[in-house]
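Listed below are the residues making up each chain.
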Number of protein chains: 2
Amino acid sequence: MASLSVIQTQTPPGMIDLGRGDPSLSLLPLEMMRAAAEIRFAGEDPSFLQYGSGQGDGYFRLALAEFLGKRYRFPVESDRLFVTNGISNALDQICTLFTQSGDTIFVEEPSYFLAFQIFKDHHLRVVSIQTDEDGLVIESLEEMLARFQPRFLYLIPTFQNPTGMTLSQKRREQVVHLAQERNFLVIADEVYHFLNYADISPRPFAIHTDIENIISLGSFSKILAPGLRLGWIQAHPQKIAQLVNCGLLDSGGGLNPFTSAIVRGVVESGDLEVNIHKLIQIYRERVKTMDSALKQNLPEVKYKVPQGGYFFWAKLPDQMDAEVFQKNAESFKVDFRPGVRFSSQGGLSDYIRLCYVHYEPDEIEQGILRLKQCLDGGG
Amino acid sequence: MASLSVIQTQTPPGMIDLGRGDPSLSLLPLEMMRAAAEIRFAGEDPSFLQYGSGQGDGYFRLALAEFLGKRYRFPVESDRLFVTNGISNALDQICTLFTQSGDTIFVEEPSYFLAFQIFKDHHLRVVSIQTDEDGLVIESLEEMLARFQPRFLYLIPTFQNPTGMTLSQKRREQVVHLAQERNFLVIADEVYHFLNYADISPRPFAIHTDIENIISLGSFSKILAPGLRLGWIQAHPQKIAQLVNCGLLDSGGGLNPFTSAIVRGVVESGDLEVNIHKLIQIYRERVKTMDSALKQNLPEVKYKVPQGGYFFWAKLPDQMDAEVFQKNAESFKVDFRPGVRFSSQGGLSDYIRLCYVHYEPDEIEQGILRLKQCLDGGG
């Protein structure tokens with residue numbers, strides 16, 4: 001019997017899975033994409049169906065550079081942008097081009113668990129660097145640099161996954177300084193940067209395209225639609241050239257010419273700005289809803305209210321084991337991600353990650369209520 | 001000054017580059033894609049904008065399986081198909097998942113030169129296997145198997161790039177047998193399989209999805225449009241599972257959900273069949289044109305008329321150096337690919353590859369005439 005699934009994450013009927021990190025279907029911009037596709041097909045120019053320029057469609061990069069420049073409030077040059085199939089593809093390609101089997105890399109503890117598997121597929125040795133409320137702990141980084149020569153440090157500096165923490169400005173500067181001094185790359189996954197619900201605006205690593213060691217990864221997955229598999233790398237021209245001259249690009253041409261030509265319409269029309277504004281309004285409300293529900297139902301659980309991004313990172317009381325809690329929660333038809341999955345060391349067993357982008361406010365409230373019922377029931 | 005290029009390959013004005021391997025812009029199916037996009041957007045289901053199923057959209061795989069089954073004339077199961085971003089992406093991912101830096105792999109001599117760079121990016125050791133008019137020479141394969149344990153053998157069994165040769169049925173069976181006996185993978189790049197201009201129909205390696213060692217790669221690049229970055233892997237369920245469970249997929253979901261949902265319309269409507277039929281008619285005529293022009297203008301050049309695919313593989317007279325010829329041809333405003341680029345050993349210096357898919361018949365005639373003028377001029 002063939003599987004006819006279209007979507008990656010499936011949840012059993014009736015279950016509320018607060019672990020899911022994909023947006024509600026109702027938030028996907030079908031109308032905007034339809035309008036942009038109409039524009040592109042009306043153009044009578046079939047170039048976007050041809051092997052594409054290795055760096056990515058020049059007109060798309062120009063529109064993207066203008067969008068990023070406005071958002072970041074510093075000039076962005078389209079020649080320092082490289083079009084990708086999203087962050088996962090960018091990470092994979094960076095591993096291929098800038099590492100060899102057996103090399104050491106650094107990650108935050110905790111970090112995005114699905115990146116670990118990409119690093120593992122490339123036979124890399126993963127070393128953890130501690131984090132606190134201001135992100136990566138510099139002393140921990142220095143300590144590990146005394147012991148290892150990493151090829152790169154992978155970090156999510158803003159509204160981190162899973163903790164929601166943002167790296168302080170001072171530490172950003174220290175990371176950049178150390179990368180140059182000790183000759184490793186910084187791979188900054190800035191995917192949540194534009195989903196800012198409070199009045200904080202950290203400077204992205206994307207500003208450092210004058211430094212060869214700094215590579216910023218961006219994506220349309222969180223600000224438009226994940227199914228597009230479209231993102232970008234912002235980096236020094238020398239690094240862009242290395243990416244463009246790789247075998248994958250030489251052979252297949254640009255990574256996503258068809259989709260980027262359509263999405264260009266969404267960027268140029270201003271629809272992307274409209275969409276980001278809408279998402280921020282909606283997610284900000286969902287953060288409030290989840291915060292209230294947690295305070296009311298689970299006052300013993302500790303967390304900081306996220307100021308952006310996708311996640312609550314919460315500490316369970318009494319060193320409760322999150323995986324046991326998860327197992328018990330199943331019969332209450334609610335789910336989440338245990339913290340241990342974000343640890344490259346098997347730690348953080350009393351933490352959970354809750355995501356608010358997939359469900360409507362009433363479902364979020366219902367989900368948190370079920371967690372309480374599970375705890376009350378001895379979960 | 002920002003580069004606004006959209007297309008990968010640029011040719012100087014007035015130059016006829018018979019080395020180009022991309023189709024004419026006029027052959028790109030803008031109308032078919034427009035119609036298919038309209039269908040998908042009219043559906044009101046935004047699922048194709050969500051993180052996609054890791055193996056690829058189930059409905060798309062079902063349509064693809066039906067198409068392949070009809071074309072191949074054996075049943076194809078959609079569960080044995082995995083959606084890719086094209087052959088280059090498939091090769092890259094296979095290198096990541098099934099090799100480590102320093103491993104040995106086998107390629108045909110000559111072979112598709114842009115694949116070499118992908119293997120180099122993965123720090124693989126490339127060993128050449130001889131070919132003749134029936135494709136890979138089994139004695140050469142056995143000789144190298146006595147000396148090396150390859151992770152895989154990469155070959156283009158049908159209408160090969162650059163030689164246009166097709167591996168005989170007997171040798172196909174021997175390759176499959178040796179792969180099982182000596183435990184290496186066969187990566188069969190079957191991208192030209194459907195572009196058949198004569199009455200030969202070799203059995204594709206795609207038939208062997210019951211054997212774990214055999215992996216068939218297919219693509220829409222040559223039968224629909226290269227800019228889609230859409231292709232497939234056909235393999236044993238165990239290999240499909242390894243592909244689906246990799247980090248890249250776990251994280252980003254399916255590789256091309258948006259585009260595959262649109263292309264599904266082209267497959268289901270029968271437009272893909274119409275397009276292949278059209279391409280075969282056009283390319284068959286261009287083969288005749290190039291053959292006549294070569295016979296008339298360059299009778300001293302030796303080649304076999306291709307029965308399918310994209311290329312003439314021609315031997316220059318008197319051990320002429322193709323790179324010197326190419327340099328001289330520049331002032332005659334004509335270009336081609338010297339054979340040495342397809343050799344992993346720096347050989348084949350008196351061969352050239354001529355492609356007929358990018359130019360109209362009159363341009364092909366003009367290009368060959370210029371080659372004659374260059375030779376007459378002492379090129």
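Starting afresh in each chain, residues are numbered from 1 along the sequence in its written order. By the order in which they are written, chains take letters starting at A while ligands take numbers starting at 1. Selection of residues for local features in this predicted model requires a pLDDT of at least 70, selection of side-chain atom pairs for listing and counting requires 80 or more, and totals for whole chains, interfaces and linings are taken over all residues. Just so you know, side-chain values use all the structure's heavy atoms and leave hydrogens and water out.

Draft legend 1. Here's a closer look at the environment of A:Asn89. By the criteria applied, helices consist of DSSP H or I runs no shorter than four residues and strands consist of E runs no shorter than two, each listed in order from the N terminus. Position of A:Asn89 among the secondary structure elements: in helix α3 (residues 87-98). A distance of 3.0 Å separates the side chain of A:Asn89 from the backbone nitrogen of A:Asn85, its partner in a polar contact. Between N or O atoms, a polar contact is any pair within 3.5 Å; within protein, one atom must be a potential hydrogen donor and the other a potential acceptor, and residues adjacent in sequence are included only when both atoms are from side chains.

Draft legend 2. Up close: helix α11 (residues 322-329) of chain B. All names here are of chain B. To sort residues, take the accessible area from a 1.4 Å probe on protein chains only and compare it with the maximum for the residue type: under 20% means buried, over 50% means exposed, and anything in between is partly exposed. Of all the residues in α11, the buried ones are Ala322, Phe325 and Ala329. Down the axis, α11 shows its buried residues gathered within 55° of arc, on one side only. The criterion used for residue contact is that any of the two residues' heavy atoms lie within 4.5 Å. Where the residues of α11 are buried, they touch β11 (334-335), β12 (337-338), β13 (351-355) and α12 (361-376). Arc definition: directions from the helix axis to the C-beta atoms.

Draft legend 3. Fine view of the confidence of the model for chain A. Looking at chain A as a whole, the pLDDT averages 96, with 99% of positions reaching at least 70. The ipTM for the predicted assembly is 0.96, set against a pTM of 0.96. Along the chain, pLDDT gives the predictor's confidence residue by residue, from 0 to 100.

Draft legend 4. Quick peek at the interface of chain A and chain B. Between chain A and chain B, the contact holds 78 residues from the first and 78 residues from the second. Once two parts are joined, some of their accessible surface, as seen by a 1.4 Å probe, is lost; buried area is that loss totalled over both. Both faces combined, the contact of chain A with chain B buries some 6600 Å², and carbon together with sulfur accounts for 59% of it. Every case where a carboxyl oxygen of Asp or Glu lies within 4 Å of a side-chain nitrogen of Lys or Arg is listed as a salt bridge. Along the contact surface separating chain A from chain B lie two salt bridges. A:Glu44 is paired through a salt bridge with B:Arg34; the nearest N and O atoms lie 3.7 Å apart. There are 39 residue pairs in polar contact (both at pLDDT 80 or more) connecting chain A and chain B. Elements with a minimum of two residues in the side of chain A that touches chain B: α1 (30-42), α2 (58-72), α3, α4 (113-121), α8 (247-252) and α9 (257-268) of chain A. Considering only residue class, the side of chain A that touches chain B consists of 34 nonpolar, 32 polar and twelve charged. Gly counts as polar in this scheme, as do all residues outside two lists: the nonpolar Ala, Val, Leu, Ile, Met, Phe, Trp, Tyr, Cys and Pro, and the charged Asp, Glu, Lys and Arg.

Draft legend 5. The packing of aromatic side chains, seen in detail. Residue and element names in this part refer to chain A. Put simply, two rings from Phe, Tyr or Trp (the six-membered ring, in Trp's case) pair if the centres are within 6.5 Å, and we call them stacked under 30 degrees between planes, edge-to-face over 60, tilted for the rest. Under the criterion given, the structure shown has 49 aromatic pairs over all chains. Aromatic side chains phenylalanine 113 and phenylalanine 342 sit 5.0 Å apart centroid to centroid with 85° between the ring planes, which places their arrangement in the edge-to-face category. Placement of phenylalanine 113 in helix α4 and of phenylalanine 342 in the loop between β12 (337-338) and β13 (351-355) is noted, with a sequence separation of 229 residues between them. Phenylalanine 342 matches phenylalanine 113 in its accessibility class, with the two residues each being buried. Pairing tyrosine 197 with tyrosine 356 gives two aromatic rings, centres 6.5 Å apart and planes at 70°, and the pair type is edge-to-face. Here tyrosine 197 is found in the loop between β7 (185-189) and β8 (214-219), whereas its partner tyrosine 356 is found in the loop between β13 and α12 (361-376), with 159 residues between them in sequence.

Draft legend 6. Main features of the environment of B:Gln281. Structurally, B:Gln281 is set in helix α10 (residues 271-297). With 84 residues separating them in the primary sequence, B:Gln281 and B:Tyr197 have C-alpha atoms 7.9 Å apart.

Draft legend 7. Up close: the relation of the copies chain A and chain B. Least-squares fitting of one copy onto the other uses the C-alpha atoms of those residues that reach a pLDDT of at least 70 in both copies. Superposition record for chain A on chain B: RMSD 0.0 Å, screw rotation 180°, translation along axis 0.0 Å. Given the turn and translation reported, the copies of this chain are related as if by a two-fold rotation axis. Taking C-alpha positions as reference, the residue of chain A nearest the rotation axis is A:Ser101, located at 2.8 Å. When the interface residues of chain A are mapped onto chain B, 100% of them again lie at the interface, so the same face is used by both copies.

Draft legend 8. How the structure looks around the pairing of β8(A). Residues and elements named next belong to chain A. Judged by how many residues are buried, β8 sits mostly within the fold: six of six residues are covered. Side chains Ile214, Ser216 and Gly218 of β8 all project onto a buried face; the interleaved residues Ile215, Leu217 and Ser219 project onto the opposite face, where all are buried too. Pairs of strands are assigned from DSSP output, requiring at least two bridges between the strands. Where β8 meets strand β9 (residues 231-235), five bridges bridge the pair, whose relative direction is antiparallel. Bridge pairing links serine 219 to glycine 231 in β9.

Draft legend 9. Local environment of unusual backbone geometry. Residues and elements named next belong to chain A. A cis amide bond links glutamate 109 with the next residue in sequence, proline 110, at an omega value of 0°. For proline 110, the location among the structural elements is in the loop between β3 (104-109) and α4. In this model, asparagine 161 is joined to proline 162 through a cis peptide bond whose omega is 15°. Structurally, the position occupied by proline 162 is in the loop between β6 (152-155) and α6 (169-182). Positioned with a positive phi, arginine 229 is a non-glycine residue whose angle comes to about 50°. You can see arginine 229 is positioned in the loop between β8 and β9. The class of arginine 229 is buried, set by a relative accessible area of 5%. Positive phi, close to 60°, is recorded for leucine 348, a residue that is not glycine.

Draft legend 10. The arrangement of a nonpolar patch on the surface in detail. Where nonpolar side chains cluster on the molecular surface, the patch consists of A:Leu4, B:Tyr59 and B:Leu62 and spans about 230 Å² of accessible area. Mapping A:Leu4 onto the fold places it in the segment before β1 (16-17). Only residues whose relative accessible area exceeds 30% and that form no salt bridge are eligible for patches; like-charged ones are grouped when within 9 Å, while nonpolar side chains (Val, Leu, Ile, Met, Phe, Trp, Tyr) are grouped when within 5 Å. Where accessible areas are quoted, they stem from the Shrake-Rupley method and a 1.4 Å probe; at the residue level, only the protein chains shown are allowed to cover.

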